[in-house]
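Structural overview for review
Here's the letter readout for the chains.
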Amino acid sequence: MEQAEVKCACKGSFLDKFIQPALLVALSKGSSHGFQMIADLEKSGMVSGDSLDPAGLYRTLKRMEAGGLVSSQWDTESGSKPRRIYSITAEGRGCLSTWKTTLLEYRSNIDAILSRIDEGKK
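The paragraphs below set out a description of the structure included in this document.

Cut-offs applied
- Residues numbered from 1 in each chain as written.
- Predicted model: local features only at pLDDT ≥ 70, side-chain atom pairs only at ≥ 80, totals over all residues.
- Heavy atoms only, no water.
- Buried < 20%, exposed > 50% of the residue type's maximum accessible area, 1.4 Å probe, protein only.
- Helix = DSSP H or I, 4+ residues; strand = E, 2+ residues; numbered from the N terminus.
- Pairing = 2+ DSSP bridges.
- Contact = heavy atoms within 4.5 Å.
- Axes fitted to C-alpha atoms, helices over the stretch in contact; angles between N-to-C directions.
- Core = buried A, V, L, I, M, F, W, Y, C linked by side-chain atoms within 4.5 Å.
- Phe/Tyr/Trp six-rings, centres within 6.5 Å; stacked < 30°, edge-to-face > 60°.

**Quick look at helix α1 (residues 19-28)**
Burial runs high along α1: seven of the ten residues are buried. Following α1 by one or two positions, G30 has its phi on the positive side, about 150°.

Take a look at the structure:
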């Protein structure tokens, strides 16, 4: 019998909160719809492609919109089916600035953990 793969935080499967700053960075470059953001995020290297769940991304965008970080409007004139176009708000830009400080602190903590892991191998 094949054993199911266990979702473990050690594999990064619980780091979904990092999608918020990645989305804010993507939207700081210009307005976009969801599937274009997915493609842009994958190309940018900010997230790995297999970790992006479109439904989760749209849930995150909806929460971010409710929180005032992004706004959206329907694009019905592009020739394809209607799609929601997202834009970063002034509050979202402020949040992105705060994320930068937070991520720098995380990086410092991660570097400390990594150095302790390497010490344990000696």
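**Regarding the sheet that holds strand β1 (residues 32-33)**
Pairing within the open sheet is antiparallel, and its three strands lie in the order β1-β3-β2. The open sheet terminates on both sides in strands that have one partner only, identified here as β1 and β2 (70-75). Here β1 pairs with strand β3 (residues 83-88) via two bridges, running antiparallel. Within the sheet, the bridge partner assigned to S32 lies in β3 and is Y86. With respect to the sheet, helix α3 (residues 54-66) is in contact with β2 and β3, its orientation differing from that of β2 by roughly 115°.

**Considering the nonpolar core**
With 21 residues, the main nonpolar core has L23, L24, L41 and L57 as its most contacted residues. Elements with a contribution of two residues or more to this core: α1, α2 (34-44), α3, β3 and α4 (90-120). Filtering out sequence-adjacent residues up to four positions away, L24 remains in contact with M64, L69, V70, I88, G92, C95, L96 and W99.

**Digging into the pairing of β3**
Bridge analysis of β2 against β3 gives six bridges, and the strand direction is antiparallel. Across the sheet, S72 pairs through a bridge with Y86, a residue of β3.

**Notes on the side chain of T60**
Within the secondary structure, T60 sits in helix α3. By relative accessible area, T60 is classed as buried at 9%. Not counting residues up to four positions away in its chain, the partners in contact with T60 are I19 and L23.

**Re the packing of aromatic side chains**
Inspection of the entire model under this criterion finds three aromatic pairs. Measuring from ring centre to ring centre gives 5.9 Å for F18 and Y106, while their planes differ by 80°; the resulting arrangement is edge-to-face. Taken together, the positions of F18 in the segment before α1 and Y106 in helix α4 put the pair 88 residues apart, joining distant regions of the chain. For the pair F35 and Y58, a centre-to-centre distance of 5.9 Å together with 65° between the ring planes defines the contact as edge-to-face. Taken as a pair, F35 in helix α2 and Y58 in helix α3 lie far apart in primary sequence, 23 residues in all. Using a relative accessible area of 29% as the deciding quantity, one classes Y58 as partly exposed. Counting every residue linked through ring pairs, the aromatic cluster contains F18, W99 and Y106.

Any link to function would need more than the numbers given here.
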